[in-house]
Amino acid sequence: MTSKLEVSQEICPKTGFTKIVFNMLLPFLKRRDLRAKNRVTSFISQSQVSKLAFKKFYNIEAPIIHSPMDYNKFKLGINESKMDFYLIVSRLEHWKKMDFAIEAFNKTPSKKLKIIGTGPLMKKFKNIAKSNIQLLGNLSDSELVNYYGSAKALIFTPELEYGLTPLESLAAGTPVIAYGKGAVLETMIPFKKNNAFSTAIFFSKQTSDNLLEAISIFETQTFDRNKISKYAEKFSEEKFRKKIRKFINNN
């Protein structure tokens with residue numbers, strides 16, 4: 001299910017004639033959605049965020065089965081040697097909220113950032129990014145795995161109903177620095193002083209200063225690559241298939 005959060009960020013136009021037309025069509029789209037809902041026999045949420053949306057909009061209790069990632073592919077990144085750069089893997093879209101990350105690394109030219117992905121903001125980011133920020137575009141799967149494994153940490157900037165890139169990063173043995181809202185609260189184990197094990201450091205505001213503060217904390221800590229990768233296995237396709245089979249057999 002797509003939550004209200006993702007609909008508002010990805011689909012809804014912000015201004016102009018398109019917004020007027022969208023608002024005119026919205027009642028029809030809602031009625032059509034509700035009719036489609038009545039033809040479905042069972043619902044599954046991919047996160048607590050979508051579970052709450054099912055309850056709010058459909059008054060349905062939908063059990064959570066987290067979406068899988070290809071653990072066997074991304075765990076190969078753990079064989080890569082760590083290098084001195086941070087990584088973002090994302091479509092370059094406004095709703096991904098990456099501007100403040102570009103700003104943060106522009107402020108700290110000694111820190112390197114590599115960005116994998118393409119999108120409408122590619123030209124803008126290339127124009128504003130300083131020389132310590134490299135936009136790599138789309139890469140092959142094997143190249144992506146290599147970058148996941150060799151990065152110091154993955155930076156995750158948006159608030160999402162779910163997100164696979166943080167899990168792919170963990171599979172490669174690379175921790176995450178994430179905006180601490182949305183489904184990362186379910187999939188990541190946040191760093192706390194008394195925690196024996198963590199996979200991520202959260203920042204509380206989508207600002208360059210908050211991100212830089214989280215990076216500073218990250219650089220004082222150590223993370224166990226093997227434990228991080230092993231933790232990510234719980235989101236593997238194999239685990240997902242077992243949960244889906246169990247759900248089907250019980251319904």
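This text goes with the structure placed above it.
These numbers were taken from a predicted model, which means no experiment stands behind them.

1. Some thoughts on the pattern of salt bridges
- One pass over the full model with this rule turns up 12 salt bridges.
- Here E219 ties to K111 by a salt bridge, and the two come within 3.0 Å at their closest N and O atoms. Residue E219 is located in the loop between α10 (208–218) and α11 (225–232), and its partner K111 is located in the loop between α5 (99–107) and β2 (113–116); the two are separated by 108 residues in the primary sequence.
- E233 is paired through a salt bridge with K230; the nearest N and O atoms lie 2.8 Å apart.
- According to the relative accessible area criterion, E233 is partly exposed, its value standing at 23%.
- Salt bridges linked by common partners bring D84, K111, K152 and E219 together as one network.

2. Digging into the pairing of strand β1 (residues 86–89)
- Alternating residues of β1 divide into Y86 and I88 and L87 and V89, and every residue in both groups is buried.
- Looking at chain direction, β1 and β2 are connected through 4 bridges and run parallel. Residue pairing for β2: V89 is matched across the bridge by I116.
- In this fold, the crossover linking β1 to β2 by way of α5 has right-handed handedness.

3. Some words on the packing of aromatic side chains
- The full count for this structure, using the stated rule, is 12 aromatic pairs.
- On the basis of an interplanar angle of 55° and a centroid distance of 6.0 Å, the ring pair of F43 and Y58 is categorised as tilted. In this pair, F43 sits in the loop between α2 (16–37) and α3 (48–58) while Y58 sits in helix α3, placing the two residues 15 residues apart along the sequence. Here F43 matches Y58 in class, with each residue buried.
- Residues Y86 and F218 carry aromatic rings whose centres are separated by 6.0 Å and whose planes lie at 65° to one another, so their mutual orientation is edge-to-face. Within this pair, whereas Y86 is found in strand β1, its partner F218 is found in helix α10, the two being separated by 132 residues in sequence.
- Within the aromatic cluster, the residues linked to one another by ring pairs are Y86, F105, F218 and F223.
- A cation over an aromatic ring shows up here: K114 above the ring of F85, its NZ or CZ 5.4 Å from the ring centre.

4. Things to note about empty space enclosed by the protein
- Counted according to the given criterion, the structure contains 2 cavities of 30 Å³ or more.
- Of the pockets and cavities examined, the largest cavity occupies roughly 50 Å³.
- If you trace the largest cavity, you find it lined by F156, L160, Y162, G163, P166, K181, A183, V184 and T187.
- Across the lining of the largest cavity, the residue classes tally to 6 nonpolar, 2 polar and 1 charged.
- Estimated volume of the second largest cavity: approximately 40 Å³.
- In terms of residue class, the lining of the second largest cavity is made up of 4 nonpolar, 3 polar and 3 charged.

5. What about α11?
- Of all the positions in α11, only I228, S229, Y231 and A232 are classed as buried. Here the buried residues of α11 occupy an arc of 160° about the axis, which is enough to place them on one side. For α11, the exposed residues set more than 90 degrees away from the buried face come down to N226, K227 and K230.
- In the core, the buried residues of α11 are packed alongside α4 (71–74), α8 (165–171) and α9 (184–187).
- The opening residue of α11 is D224, an N-cap whose side-chain oxygen sits 3.1 Å from the backbone nitrogen of N226.

Basis of the calculations
- Residues numbered from 1 in each chain as written.
- Predicted model: local features only at pLDDT ≥ 70, side-chain atom pairs only at ≥ 80, totals over all residues.
- Heavy atoms only, no water.
- Salt bridge = Lys/Arg side-chain N within 4 Å of Asp/Glu carboxyl O.
- Helix = DSSP H or I, 4+ residues; strand = E, 2+ residues; numbered from the N terminus.
- Buried < 20%, exposed > 50% of the residue type's maximum accessible area, 1.4 Å probe, protein only.
- Pairing = 2+ DSSP bridges.
- Right-handed = clockwise from strand over helix to strand, strands pointing away.
- Phe/Tyr/Trp six-rings, centres within 6.5 Å; stacked < 30°, edge-to-face > 60°.
- Lys NZ or Arg CZ within 6 Å of the ring centre and 35° of its normal.
- 1 Å grid on protein atoms, 1.4 Å probe; cavity = no way out; pocket = protein on both sides within 12 Å on 5 of 7 lines; lining within 4 Å.
- Points joined across faces, edges and corners; volume = space filled by probe spheres on them.
- Nonpolar A, V, L, I, M, F, W, Y, C, P; charged D, E, K, R; others polar.
- Arc of directions from axis to C-beta.
- Contact = heavy atoms within 4.5 Å.
- Polar contact = N/O pair within 3.5 Å; in protein donor to acceptor, adjacent residues only side chain to side chain.

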